[in-house]
Structure formats: structure tokens, C-alpha cells
Amino acid sequence: MGVAEAKPSPAMTNRDFLGFLQSDLFIPDLRASSKNEAIDRMVAHLVQKNRVRDGRILSEALKTREKLGSTGIGKGVAIPHSRSTVTGALTLLYARAVEGVDYDAVDGKPVHLFFMILAPHQEKENAYLPLLGKVVEVTREATARRRMLKAEDLEALKAAIEQVKVK
Amino acid sequence: MNPQLEILIMLQDVDLMIREVSDLKTARQMSRIGFEIDEMDNLRDAREELARKVEPDLLTTYQRLMEKYQRAIVPVRNNVCLACFLKQPTKYSVTDEAIRWCSHCKRILYFI
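Conventions and cut-offs
- Residues numbered from 1 in each chain as written.
- Chains lettered and ligands numbered in written order.
- Predicted model: local features only at pLDDT ≥ 70, side-chain atom pairs only at ≥ 80, totals over all residues.
- Helix = DSSP H or I, 4+ residues; strand = E, 2+ residues; numbered from the N terminus.
- Contact = placed C-beta atoms within 7 Å.
- Rg over C-alpha atoms; globule rule 2.2 N^0.38 Å.
- Buried ≥ 20, exposed ≤ 12 C-beta atoms within 10 Å, placed from the backbone.
- Pairing = 2+ DSSP bridges.
- Axes fitted to C-alpha atoms, helices over the stretch in contact; angles between N-to-C directions.
- Parallel < 35°, antiparallel > 145°, perpendicular 65-115°, else oblique.
- Left-handed = near helix turned anticlockwise from the far one by under 90°.
- Nonpolar A, V, L, I, M, F, W, Y, C, P; charged D, E, K, R; others polar.
- pLDDT = per-residue confidence, 0-100.

Describing the overall build of chain B
Looking only at helices and strands, one finds 4 helices and 3 strands in chain B. Listing the helices and strands of chain B from first to last along the sequence gives α-α-α-α-β-β-β. Of the contacts made within chain B by residues no fewer than 6 positions apart, 58% connect residues no fewer than 24 positions apart.

A few points about the overall build of chain A
Tallying secondary structure elements over chain A gives 6 helices and 6 strands in all. For chain A, the α and β elements follow one another from N to C terminus as α-β-α-α-β-β-β-β-β-α-α-α. For 167 residues, the compact-globule estimate of 2.2 N^0.38 gives 15 Å, and the C-alpha radius of gyration of chain A, at 14 Å, lies within 12% of that figure. With the C-alpha coordinates aligned to their principal axes, the bounding extent of chain A is approximately 40 × 35 × 30 Å. A burial count over chain A gives 48% of its 167 residues as buried. Considering only intrachain contacts with a sequence separation of at least 6, the fraction spanning at least 24 residues in chain A is 71%.

Comments concerning the interface of chain A and chain B
Where the parts come together, the accessible area they lose is often given as the size of the interface. Counting from both sides, the interface comprises 25 residues of chain A and, opposite them, 27 residues of chain B. Going through the elements one at a time, α3 (55-66) and α4 (128-138) of chain A are the ones with two or more residues in the side of chain A that touches chain B. Counting residues per element, the side of chain A that touches chain B draws most heavily on α3 of chain A, at 6 residues.

Digging into the sheet that holds strand β2 (residues 80-81) of chain B
All names here are of chain B. Read from one edge of the open sheet, 3 strands run β2-β1-β3, paired in mixed fashion. Because the sheet does not close on itself, it has two edges, and the strands there are β2 and β3 (108-111). Inspection of the sheet shows strand β1 (residues 73-77) paired to β2 by 2 bridges, in the antiparallel sense. In the sheet register, Arg77 faces β2, and the bridge partner there is Val80.

Points about unusual backbone geometry
Residues and elements named next belong to chain A. With a phi close to 60°, Asp104 is a non-glycine residue in the positive phi region. On the secondary structure map, Asp104 appears in the loop between β5 (91-101) and β6 (111-119). By C-beta crowding, Asp104 is classed as partly exposed, having 15 other C-beta atoms within 10 Å. Although it is not a glycine, Asn126 sits at a positive phi angle of roughly 55°. By the element assignment, Asn126 lies in the loop between β6 and α4. On the neighbour-count criterion, Asn126 (11 C-beta atoms within 10 Å) is exposed.

Thoughts on the packing of α3 of chain A against helix α1 (residues 3-22) of chain B
Two elements in contact, α3 of chain A and α1 of chain B, have axes whose closest approach is 10 Å; the angle formed by their N-to-C orientations is 30°. Here α3 of chain A lies roughly parallel to α1 of chain B, going by the angle between them. The hand of the α3 of chain A/α1 of chain B crossing is right-handed. Contacts from Arg56, Ile57, Glu60, Ala61, Thr64 and Arg65 of chain A of α3 of chain A reach α1 of chain B at Glu6, Ile9, Met10, Asp13, Val14 and Met17 of chain B. Of the residues in the contact of α3 of chain A with α1 of chain B, the class split is 6 nonpolar, 1 polar and 5 charged.

Considerations on the confidence of the model for chain B
On average, residues of chain B score 92 in pLDDT, and 100% of them are at 70 or above. In the predicted complex, the global pTM is 0.92; the interface-specific ipTM is 0.92.

Quick look at the structure:
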């Protein structure tokens with residue numbers, strides 16, 4: 001199922017979603033030549049920002065998840081996600097790839113917008129799946145995706161998301 | 001980090017991923033969101049590849065703990081095991097090269 005057909009998540013508000021977006025988890029211009037390199041670079045960013053200690057374990061979990069089917073959901077969007085023992089809290093990393101990354105997406109097109117979602121195996125709020133659903137929802141409209149791709153910083157990204165009409 | 005612990009954590013992540021996507025309710029939710037689970041065999045292959053790299057005694061202990069507790073390796077924060085919430089000996093630390101077991105519930109510890 002592609003972005004356009006996916007159902008919205010009823011469980012997460014825009015406000016809750018915006019709370020997950022943090023300035024240290026914003027990569028303004030991700031450059032990578034493959035899916036694995038893109039994952040490694042995003043994980044390296046998390047390690048550099050002290051969000052995760054053991055990046056190799058996290059990269060392995062994310063790459064293994066990709067073996068179930070690509071998280072490149074089409075229309076230039078990818079949502080790499082996994083639970084891992086090394087993740088302390090539900091975390092959302094955003095990366096914009098201006099040139100696009102060959103990510104083996106379901107539609108074969110390059111990916112420009114990455115929303116990486118990480119969660120511990122046990123989380124009190126149980127917000128992992130609602131967060132996944134919310135990302136699909138806010139990236140459904142072409143106008144919203146264009147605005148996000150233009151956003152060079154966190155505030156501009158938040159403004160783009162705030163304009164998304166929730167059905 | 002102890003190389004065997006690193007592989008063991010990767011193995012646990014895959015085992016719990018298999019368990020999660022095998023759960024019908026979760027699979028339905030994932031499908032509703034837009035993610036179909038297509039290639040379970042790939043996950044099982046990845047699991048077997050990791051399991052082969054673990055020393056046999058350690059693998060047996062891990063599997064026994066997984067059966068008993070659902071999770072064999074648990075996070076530790078501020079020297080507290082986040083599974084049984086009991087304090088660990090002060091000599092345990094994040095820089096330990098040795099694999100540490102919770103002194104109370106006996107699960108394997110990962111210092112987060």
C-alpha cells in the first residue's frame with residue numbers, strides 16, 4: 001500500500017506529533033548512495049547526539065527490518081523503523097535529502113523525506129504504531145511533501161506539518 | 001562492548017521483531033498504516049545467521065531466559081535493572097567488557 005491509500009492514525013494528534021520533532025534530530029541535507037548508507041548515516045547522527053550508544057546494533061535492527069519489505073513507502077518518503085534493546089525512548093529523527101537517495105522504495109523513486117522511528121521493546125505509552133501512522137498521514141498530500149522538502153530547519157518543518165489538513 | 005553481548009542483543013532484537021510481526025493484531029495495525037509484512041523467511045534467516053555466531057553455552061542461557069521472561073537482555077539505567085527495578089552492584093558499569101547478569105532476576109544487562 002502506498003502513501004496515498006494508507007489510513008490515518010486516530011490515536012495521535014498533530015500537537016503530540018510535533019513534540020517528537022527535536023532540533024538535534026533534524027538532518028537538513030542527508031547524502032547517501034544507498035539504503036544501507038542512508039541508515040548508517042542517520043544512526044551515526046543519533047550516536048553523535050548521544051541518543052544511542054551502540055549504533056552498530058541499531059543499524060543492524062533497522063536493516064533487518066528492511067528485509068521484511070522496504071520502508072520506502074513511495075512518493076519520496078521513507079519511514080525506517082524498529083524497536084531495539086539499545087533505544088531508551090521513543091525517538092523520531094527527520095532527514096531531508098535534497099538530491100534524493102536510492103532507497104529501494106516501493107515505487108522505485110528516490111527518497112527525499114526520511115522519518116526514522118525508534119522505540120524500546122517496552123514503552124509505557126505504546127505510541128510506536130500511532131507515531132508510524134501519523135507520519136504516513138502527514139506525508140500523504142503532495143503539497144505537504146513539497147513544503148517539507150523546502151523546509152531548511154525545524155521551525156519551517158513544523159510550520160509545514162501544522163498546515164497539513166487532518167481528515 | 002563485549003562482542004558476544006553485541007551479537008546477543010542483535011539476536012534479541014530480531015527475535016522480538018519476529019514475535020511482534022507474528023502477532024495478528026500488530027500485523028493488522030501495520031497493514032492498516034501501510035506496511036505489509038511480506039518476507040518473514042528473510043527474518044528467520046537473519047536470526048539463524050546471528051544465532052550461529054553466539055557461543056553455545058551463552059546461546060542456551062539466552063534461550064532459557066527468553067522462554068522464562070520474554071526478554072533475556074534488559075536495560076539498566078542509573079545502575080537499576082529496568083526489568084526487576086532492583087539496584088545492581090556499584091562495580092557494574094557502562095564500560096564493562098564482561099557480560100553482566102542482574103544480581104536479582106539473572107537477566108543479562110545492557111547499560112543504556
